[in-house]
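# Notes for the structure review
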Amino acid sequence: MYYGRAVVVVYKLNSLACLGGAFMSQGERHDACDRGLLDFDSTLDDLASGLDELRSLQVKLSIERNRRVPINRLPIEILSMIFAVRANSILDDMPDPCSTRHPVLPLSQTCSLWRDICLSRPFLWKQVDLGSVSMPLMELILSRGDESPLEFARCRGAHLPSIVDRIESILDRVEHL
């Protein structure tokens, strides 16, 4: 719809430039071109508005599609408990205990519902693996954990001196070290 209108406006502009010279004075050609350019600008604005509408509809469709996924029909409390099991895997005997990511990060990046759940449940962010966490990731985990008690784990090879100062500033939140 919008695309067809843009093609018509461009065609009109080309027609004015090529054929209009024989039948119009220079002033009339300029006026016609100005009207054509204004029409073209209006069409571009309509196209931009249409694109914004399509993007909005795409987001709504994505949200609705995610709502229909069977796991997302579970109550939020149940999903939170499932996420807590995954979050607690830092201290468990997992296949990759020194992963460079917090176990809740992939959950929080799955869909908007899961992100909302992860961000609204500070207890999911209570564990910090000192062996694999970078300082920016540690700050992110601490901020998402709000004032929740913290548990620290340490994989082999962790270089603690670089983060000891930061840990000292939050010792009142440490529940397990």
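Per chain, residues are indexed from 1 in the order of the written sequence. The predicted nature of this model means local features are confined to residues of pLDDT at least 70 and side-chain atom pairs, given and counted, to a pLDDT of 80 or more, with totals for whole chains, interfaces and linings taken over all residues. Note: side-chain values were computed over all heavy atoms of the structure, leaving out hydrogens and water.

## Examining the pairing of strand 2 (residues 150–153)
A regular strand places its side chains so that they alternate between the two faces of the sheet. Exposure classes here rest on a 1.4 Å probe applied to the protein chains alone. A residue is buried below 20% of its type maximum, exposed above 50%, and partly exposed in between. Only DSSP runs of H or I covering at least 4 residues are called helices, and only runs of E covering at least 2 are called strands; the numbering of each starts at the N terminus. Covered by surrounding structure in strand 2 are Leu150 and Phe152 together with Glu151 and Ala153, the residues of both alternating faces. With 3 bridges joining them, strand 1 (residues 127–129) and strand 2 adopt parallel strand pairing. Each bridged residue has a counterpart across the sheet, and for Gln127 the counterpart in strand 2 is Glu151. Any two strands between which DSSP finds at least two bridges are classified as paired.

## Brief notes about the environment of Met138
Among the structural elements, Met138 can be located in helix 7 (residues 135–144). What makes Met138 buried here is its relative accessible area of 0%. In sequence terms Met138 and His102 are 36 residues apart; their C-alpha atoms lie 9.1 Å from each other.

## A short note on helix 3 (residues 26–67)
A helix's residues, less one, multiplied by 1.5 Å, set its expected span. Relative to the 62 Å expected for 42 residues at 1.5 Å per residue, helix 3 spans 61 Å between its end C-alpha atoms, a close match to the ideal helical length. Among the residues of helix 3, Ala32, Gly36, Thr43 and Gly50 are the ones counted as buried.

## A few points about the pattern of salt bridges
One side-chain nitrogen of Lys or Arg within 4 Å of one carboxyl oxygen of Asp or Glu is enough to make a salt bridge. Tallying each qualifying case throughout the model produces 2 salt bridges. Salt bridges sharing partners connect three or more residues here, namely Glu64, Arg67 and Arg68.

## Thoughts on the nonpolar core
Here the nonpolar core consists of buried residues drawn from Ala, Val, Leu, Ile, Met, Phe, Trp, Tyr and Cys, with membership extended through side-chain atoms lying within 4.5 Å. By size, the foremost hydrophobic cluster in this structure holds 22 residues, and its most contacted members are Phe83, Cys118, Leu124 and Trp125. Of all the elements in the fold, those that place two or more residues in this core are helix 4 (76–87), helix 5 (104–108), helix 6 (112–119), helix 7 and strand 2. Whether two residues are in contact is decided by their heavy atoms, any of which lying within 4.5 Å being enough. Those residues in contact with Trp125 that sit more than four places away from it in its chain are His102, Val104, Leu105, Ser108, Cys118, Ile141, Arg144, Gly145 and Leu150.

## So, helix 4
For helix 4, built from 12 residues, the straight-helix expectation of 16 Å at 1.5 Å per residue is met to within 8% by its first-to-last C-alpha distance of 16 Å. Those residues of helix 4 lying buried are Leu79, Ser80, Phe83, Ala84 and Ala87. The arc that holds every buried residue of helix 4, seen down its axis, measures 145 degrees, which confines them to one face. The exposed residues of helix 4 that point more than 90 degrees off its buried face are Met81 and Val85. Residues of helix 4 that are buried in the fold lie against helix 5, helix 6 and strand 1. The arc under discussion is defined with respect to the helix axis, by the directions toward the C-beta atoms.

## Looking at a nonpolar patch on the surface
Nonpolar side chains (Val, Leu, Ile, Met, Phe, Trp, Tyr) are joined into patches within 5 Å and like charges within 9 Å, using only residues with over 30% relative accessible area and no salt bridge. For every accessible area listed, the method is Shrake-Rupley and the probe measures 1.4 Å; residues are considered covered only by the protein chains on display. On the surface, Val69, Ile71, Leu74, Ile78, Met81 and Ile82 cluster together into a nonpolar patch covering about 450 Å² of accessible area. Positionally, Met81 belongs in helix 4. You can call Met81 exposed: its relative accessible area is 52%.

## Thoughts on the state of the cysteines
Disulfides are defined as pairs of cysteine sulfur atoms found within 2.5 Å of each other. Tallied over the entire structure, the rule returns 0 disulfides. You can see Cys111 has no disulfide; the closest cysteine sulfur is in Cys118, sitting 9.1 Å from it. According to the relative accessible area criterion, Cys111 is buried, its value standing at 11%.

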